[in-house]
Amino acid sequence: MDSLCDILGFKEASPPNGEESLNNKTEDDVYESYVKSSSNKEYYLHPGLLKELDDLVSKEEKLRTSTEVLIPNLKTYFVDFHNNLNALTKDLDFVKGKSSELSSLLKSNSSRLKDISPIVNDLIISPEVIDQVLRGKIDHKWLDCIDYLNDKQEIYHKYLEETDKEKPQDFDHLNEVLQILKAVCVERSKKFIVIRIKRLRDGHPVPAQRIQEELLQVKEIYQMIHKTKPELALGLREAYLNTMKWYYKTYFSRYIRSLTILQYVQIDSNFGLGHGLSNTSVSGSYANYLFSGGRSLFASQVTSRNDITDDTINDYFQISKRLDLITQEDKTVMVSQIAENNPVANYLEVGFKNLNLAILDNCTAEFLFLNEFFRLPTDEGDGIRKLLLEVFQPTFDNALEFTHHLIDNTYDIFGVLISIRVAHRLQFEAQSRQTPCIDDYLDGQLILLWPKFQKLVDFQCEQLRSVAITTNTAHIRGSENHSDPLVTPHELTVQFSKFLLSLLKLSLTHKELLDERSEPLFHSINRIRDDFETIMTKCSKKSKNAEKFLTTNYMYLYNSLQQSFLKSDSEREPLILSETKVHLSQLIEAYSK
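Residues numbered from 1 in each chain as written. Predicted model: local features only at pLDDT ≥ 70, side-chain atom pairs only at ≥ 80, totals over all residues. Heavy atoms only, no water.

## Things to note about the side chain of Asn 175
- Mapped onto the elements of the fold, Asn 175 is located in helix 7 (residues 171-199).
- Asn 175 gets classed as buried once you look at its relative accessible area, which sits at 17%. (Helix = DSSP H or I, 4+ residues; strand = E, 2+ residues; numbered from the N terminus. Buried < 20%, exposed > 50% of the residue type's maximum accessible area, 1.4 Å probe, protein only.)

## Things to note about the packing of aromatic side chains
- Summed over the entire model, instances satisfying the criterion amount to 25 aromatic pairs.
- A centroid spacing of 4.8 Å and a plane angle of 80 degrees characterise the contact between Phe 373 and Phe 374, whose relative ring orientation is edge-to-face. Of the two residues, Phe 373 and Phe 374, neither departs from the other in class, the shared state being buried.
- For the pair Phe 414 and Phe 499, a centre-to-centre distance of 5.5 Å together with 55 degrees between the ring planes defines the contact as tilted. (Phe/Tyr/Trp six-rings, centres within 6.5 Å; stacked < 30°, edge-to-face > 60°.)

## Topic: empty space enclosed by the protein
- Under the counting rule described, the total for this entry stands at three cavities of 30 Å³ or more.
- Within this model, the largest cavity holds a volume of roughly 220 Å³.
- As for the largest cavity, its lining consists of 15 residues, of which Glu 329, Asp 330, Lys 353, Arg 425 and Leu 426 are closest to the centre.
- Tallying contributions element by element places helix 17 (residues 413-433) first for the lining of the largest cavity, with six residues.
- Each residue belonging to the lining of the largest cavity can be placed in one class, and the counts come to five nonpolar, one polar and nine charged. (1 Å grid on protein atoms, 1.4 Å probe; cavity = no way out; pocket = protein on both sides within 12 Å on 5 of 7 lines; lining within 4 Å. Points joined across faces, edges and corners; volume = space filled by probe spheres on them. Nonpolar A, V, L, I, M, F, W, Y, C, P; charged D, E, K, R; others polar.)

## A short note on the pattern of salt bridges
- According to the stated counting rule, one finds 16 salt bridges in the structure shown.
- Between Arg 322 and Asp 412 there is a salt bridge, with the nearest N and O atoms lying 2.7 Å from each other. Highlighted residues: Arg 322 in the loop between helix 12 (310-316) and helix 13 (324-327) and Asp 412 in the loop between helix 16 (383-408) and helix 17, separated in sequence by 90 residues.
- Residue classification places Asp 412 among the buried residues on the basis of a relative accessible area of 1%.
- In this structure, Arg 433 and Asp 361 form a salt bridge, with 3.0 Å as the shortest nitrogen-oxygen distance. Here Arg 433 is found in helix 17, whereas its partner Asp 361 is found in helix 15 (residues 348-374), with 72 residues between them in sequence.
- Judged by relative accessible area, Asp 361 falls into the partly exposed class, the value being 26%.
- Here the residues in one salt-bridge network are Glu 60, Glu 61 and Arg 64, joined through shared partners. (Salt bridge = Lys/Arg side-chain N within 4 Å of Asp/Glu carboxyl O.)

## Notes on unusual backbone geometry
- Of note in this structure, Gln 434 is not a glycine but carries a positive phi near 60 degrees.
- Here Gln 434 shows up in the loop between helix 17 and helix 18 (438-465).
- Unusually for a residue other than glycine, Cys 437 sits at a positive phi of about 75 degrees.
- Assignment of secondary structure puts Cys 437 in the loop between helix 17 and helix 18.

## Topic: a negative patch on the surface
- A surface patch of like charges, here negative, comprises Asp 144, Asp 147, Asp 151, Glu 154 and Glu 220.
- Of all the elements, helix 6 (residues 140-161) adds the most residues to the negative patch, at four residues.
- Owing to a relative accessible area of 49%, Asp 144 belongs among the partly exposed residues under this scheme. (Patch = residues over 30% accessible without salt bridge, like charges linked within 9 Å, V, L, I, M, F, W, Y side chains within 5 Å. Areas by Shrake-Rupley, 256 points an atom, 1.4 Å probe, with all protein chains shown as cover. Lys, Arg positive; Asp, Glu negative; His and termini not counted. Charge placed at Lys NZ, Arg CZ, Asp CG, Glu CD.)

## Concerning helix 6
- Between its first and last C-alpha, helix 6 extends 32 Å over 22 residues, near the 32 Å set by a 1.5 Å rise per residue.
- Along helix 6, the residues classified as buried are Trp 142, Leu 143, Cys 145, Ile 146, Leu 149, Lys 152, Tyr 156 and Tyr 159.
- If you check the start of helix 6, you find a side-chain oxygen 3.2 Å away from the backbone N of Lys 141, and it comes from Asp 139. (Expected span 1.5 Å × (residues − 1). Polar contact = N/O pair within 3.5 Å; in protein donor to acceptor, adjacent residues only side chain to side chain.)

## Some remarks on the environment of Asp 439
- Within the element layout of this structure, Asp 439 appears in helix 18.
- Each C-alpha atom, one on Asp 439 and one on Leu 426, is 8.3 Å from the other, the two residues being 13 residues apart in sequence.
- Every residue in contact with Asp 439, bar those within four places of it in the chain, is listed here: Gln 427 and Gln 431. (Contact = heavy atoms within 4.5 Å.)

## Some words on the packing of helix 10 (residues 230-261) against helix 15
- Axis separation between helix 10 and helix 15 bottoms out at 11 Å; the angle between their running directions is 165 degrees. Relative to helix 15, the element helix 10 is oriented roughly antiparallel. Note that helix 10 runs across helix 15; the crossing there is right-handed. Where helix 10 approaches helix 15, its residues Arg 237, Tyr 240, Leu 241, Met 244, Tyr 248, Phe 252, Tyr 255, Ile 256 and Leu 259 are matched on the opposing element by Gly 351, Asn 354, Leu 355, Ala 358, Ile 359, Asn 362, Glu 366, Phe 369, Leu 370 and Phe 374.
- Here the residues of the contact of helix 10 with helix 15 are counted per class, giving 14 nonpolar, three polar and two charged. (Axes fitted to C-alpha atoms, helices over the stretch in contact; angles between N-to-C directions. Parallel < 35°, antiparallel > 145°, perpendicular 65-115°, else oblique. Left-handed = near helix turned anticlockwise from the far one by under 90°.)

Rendered as structure tokens:
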């Protein structure tokens, strides 16, 4: 400021003592001095200089503020920062030391864990597995848990065997936990099987095939039960067998009852050779009376005695339509509702086939299930076969009884023979499916059918032997104009040709090669044919020319046989067919000379 005053021309007098000089001045002196100085132009101030002065003053104030306030604070901040930086440096040095220490410790622990880690991996049991075993749904994922526990069991067993190997302190506890988990698996598996066995006996039981499918999806559980508790596994299997024995017996009894209600065509003694000709009349007989006794079982017999006519009898000997039951590969089974409400007349072989085909299908399904689910390593070669027989034996007995009542009072020789062929076909099918027990069961059916067939053959032979000795031809039925018996076949010959062709057609229905001479059908055809030739010989004696009469009738038989285009499934012609052709040709040749 002093420099500024000098520049501006101000001169201040400095009294020796500032306060005393001010006191010595009076107000007038000050005023006069002011007036004199103001009138002096040398002391006039320029406005620009005043503005610069204000700027300088302002800058001075800012500099003073910076030096007195900001710079000390900044100095304090830098001092604190320096102190903190020193502290952090010390901390970093400490962390570096700790890091080196931990690194060396980690290396030391890693070397130690090389020996401990395999033991931990071997003995530890996953918590997820424990939760799945205790609460999870029994399915494929649950079976994976069983495999997991089995693997652990083998590892634990190795640790127990290696006595020199160090074991953890809680090894016994872990082993106990493993055994508890395996016991839980056995218990849950047992409940799973028992619940499904009980469902078969509920008030609204489900189909056995559905239960079997559910069990087969987790079939490993039964083998696991057997390895853990063999007695429990055998008990569960026995419970299943007893349940299925009751199941099949009950449901097949209902099905047999439905087949009993099925409408059947009544074939009585009026359907014999020689009946339905011009010299016979359809009337009641003692055999009809016997047949009526079967109506207590088969209540719906649809062919009454009043419905039997000559045409009905002669149409019976043609079985082309009935052969479809054998020739067509129809493996569907008539359900019980259709059997109970079917108004269509059926022959006895329909009931026989549907019952036995249903038994074959169910027996095959049951055998596959038993073999896949309940087979044990201790079972012998035919162990499952014995189990299957145990399940189905009551059903087999009921089916055999049904067949006995079905054929007991019938005279349907074709129905019995078709049933025999059906049994042969089912035996062949059972062999291709490799289903045991069915072959023996169907042998039991054949034991019932073949004797009945033989009795019906005897009946037809007796009917032939009782035919009236006439020369009536096939065209004079009920007419007064007689055809020439030497050129027109006998009406019995026409009927017998249908009968013989039907038997021969049934002899061609074999799928397998048979020793025909050992089969009753071969000899039965020859017996009936011999009786027919005997009655023809007697009838020829009433004609004008016996040889020509016989030639005409045998020629008719031979032509009918040739025109029928009988063919076998096999390349080889059946023996009975070839022998019949040769026999007829020899007769024609002998009598035509």
